[in-house]
Amino acid sequence: MKIFIEKNYTDLSKRVADIIESEMKEKSNLVLGLATGSTPIGTYEELIKRHKEEGLDFSKITTFNLDEYLGIPHDHVNSYHYFMEENFFKSINIDNDKINIPNGNPENAEEYCKAYDEKIENQGGIDVQILGIGENGHIAFNEPDDKLYLGTHVTDLTESTIKANSRFFDSIDDVPKKAITMGLGSIMKSKKILLLASGKNKANTIKKLLKDGVVSTHNPASLLLLHPDVTIILDEEAAEEYMK
Ligand SMILES: N[C@@H]1[C@@H](O)[C@H](O)[C@@H](COP(=O)(O)O)O[C@@H]1O
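No experiment lies behind these values; they were computed from the predicted model shown.

Here's the deal with the overall build of the protein
When helices and strands are counted, the protein shows eight helices and ten strands. Along the three orthogonal principal directions, the C-alpha set of the protein runs to about 45 × 40 × 35 Å. For the protein, the residues scored as buried account for 42% of the 244 residues in total. Considering only residue pairs separated by 6 or more positions, the protein has 80% of its internal contacts joining residues 24 or more positions apart.

Focus on the UniProt feature "domain: Glucosamine/galactosamine-6-phosphate isomerase" (unreviewed entry) in the protein
The sites that carry the UniProt feature "domain: Glucosamine/galactosamine-6-phosphate isomerase" (unreviewed entry) are, in the present numbering, residues 10-224. Between the C-alpha atoms that bound residues 10-224 there is a distance of 24 Å. The span itself is 34% helix and 14% strand.

Side note on the sheet that holds strand 8 (residues 178-181)
In spatial order, the strands read 4-8-7; together these three strands make up an open sheet with antiparallel pairing. At either end of the open sheet lies a strand with only one pairing partner, and these are strand 4 (67-69) and strand 7 (153-156). For this sheet, the mean inter-axis angle between neighbouring strands, taken without regard to orientation, is 25°. Two elements, strand 4 and strand 8, share three bridges in a ladder whose sense is antiparallel. Opposite Tyr69, over in strand 8, you have Ala179 as the bridge partner.

Details of the UniProt feature "active site" (unreviewed entry) in the protein
On the UniProt side, "active site" (unreviewed entry) is annotated at positions that read Asp67, Asn136, His138 and Glu143 here. Considering the arrangement of structural elements, one finds His138 in the loop between strand 6 (128-131) and strand 7. Summarising the element assignment, Glu143 is placed in the loop between strand 6 and strand 7. Discounting residues that sit within four places of it in the chain, Glu143 has contacts with His138, Thr155, Leu157, Thr158 and Thr161.

A closer look at the site of the ligand
Near the ligand, the surroundings consist of 14 residues, among which Gly37, Ser38, Thr39, Gly132 and Gly134 are the closest. A breakdown of the residues in the shell around the ligand according to their chemical character gives five nonpolar, eight polar and one charged.

So, helix 2 (residues 41-54)
With 14 residues, helix 2 ought to run about 20 Å at 1.5 Å a step, and its terminal C-alpha atoms sit 19 Å apart, in line with that. Of the positions making up helix 2, those classed as buried are Gly42, Thr43, Tyr44, Glu46 and Leu47. Buried residues along helix 2 sit in contact with helix 1 (9-26), helix 3 (80-87) and strand 6. In the stretch just after helix 2, Gly55 is the one whose phi turns positive, near 75°.

Rules and cut-offs
- Residues numbered from 1 in each chain as written.
- Predicted model: local features only at pLDDT ≥ 70, side-chain atom pairs only at ≥ 80, totals over all residues.
- Helix = DSSP H or I, 4+ residues; strand = E, 2+ residues; numbered from the N terminus.
- Buried ≥ 20, exposed ≤ 12 C-beta atoms within 10 Å, placed from the backbone.
- Contact = placed C-beta atoms within 7 Å.
- UniProt positions renumbered as here; feature names shortened; annotations may be inferred.
- Pairing = 2+ DSSP bridges.
- Axes fitted to C-alpha atoms, helices over the stretch in contact; angles between N-to-C directions.
- Near = placed C-beta within 6 Å.
- Nonpolar A, V, L, I, M, F, W, Y, C, P; charged D, E, K, R; others polar.
- Expected span 1.5 Å × (residues − 1).

See below:
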């Protein structure tokens with residue numbers, strides 16, 4: 001496991017973009033796993049800048065997003081489809097046919113989830129997966145629980161996640177209560193994992209992850225510690241409690 005502690009969010013975003021850029025240069029048809037939430041926005045901005053200024057080429061890249069709210073229209077401002085389009089896809093030269101984001105309105109959720117995992121497998125798996133982390137240790141929408149699911153599945157969101165994500169909605173009542181998410185198994189199959197955390201509100205989450213020395217389904221991020229190629233990129237605020 002590698003840990004980078006960067007001075008601030010800008011440096012964190014540059015570090016993550018550096019890693020992705022070098023992977024893209026090694027493999028032009030990279031399969032990239034993408035995350036939403038506020039943490040990766042700076043990375044997307046940095047990659048857009050490199051596309052515009054240095055011609056970083058996304059035309060052969062395939063992407064798979066981690067999750068989507070269930071029952072939300074894809075053009076809704078809070079959908080992860082909308083988020084990805086606005087914060088990344090509309091500003092790079094990605095082939096729209098190579099973008100994969102879980103459908104928040106599947107006809108048959110079980111079949112759809114199975115097909116999503118098969119599609120990842122058929123692409124040869126995810127080469128590099130970007131991850132944020134919830135304050136409660138959730139990864140994508142794999143919430144702390146007695147058991148975790150391996151594959152893509154529909155899940156209930158916890159009260160704490162609904163509360164945390166309500167900052168993006170007009171009111172807490174508007175936050176969907178369910179989501180469709182890649183499972184920890186699908187995520188752990190990625191060849192390389194980049195876990196990002198920024199800001200004081202993640203300091204205890206990171207301390208718990210890196211100092212407890214425990215792997216538990218009640219802290220889903222802790223399973224990542226078993227992965228052979230995980231890089232954790234923090235800014236100083238997120239690393240504060242861990243460094244004490
Ligand atoms: N489903 C997403 C996660 O993928 C993300 O990691 C988490 C943290 O978000 P933020 O980066 O805004 O702290 O929020 C959401 O719940």
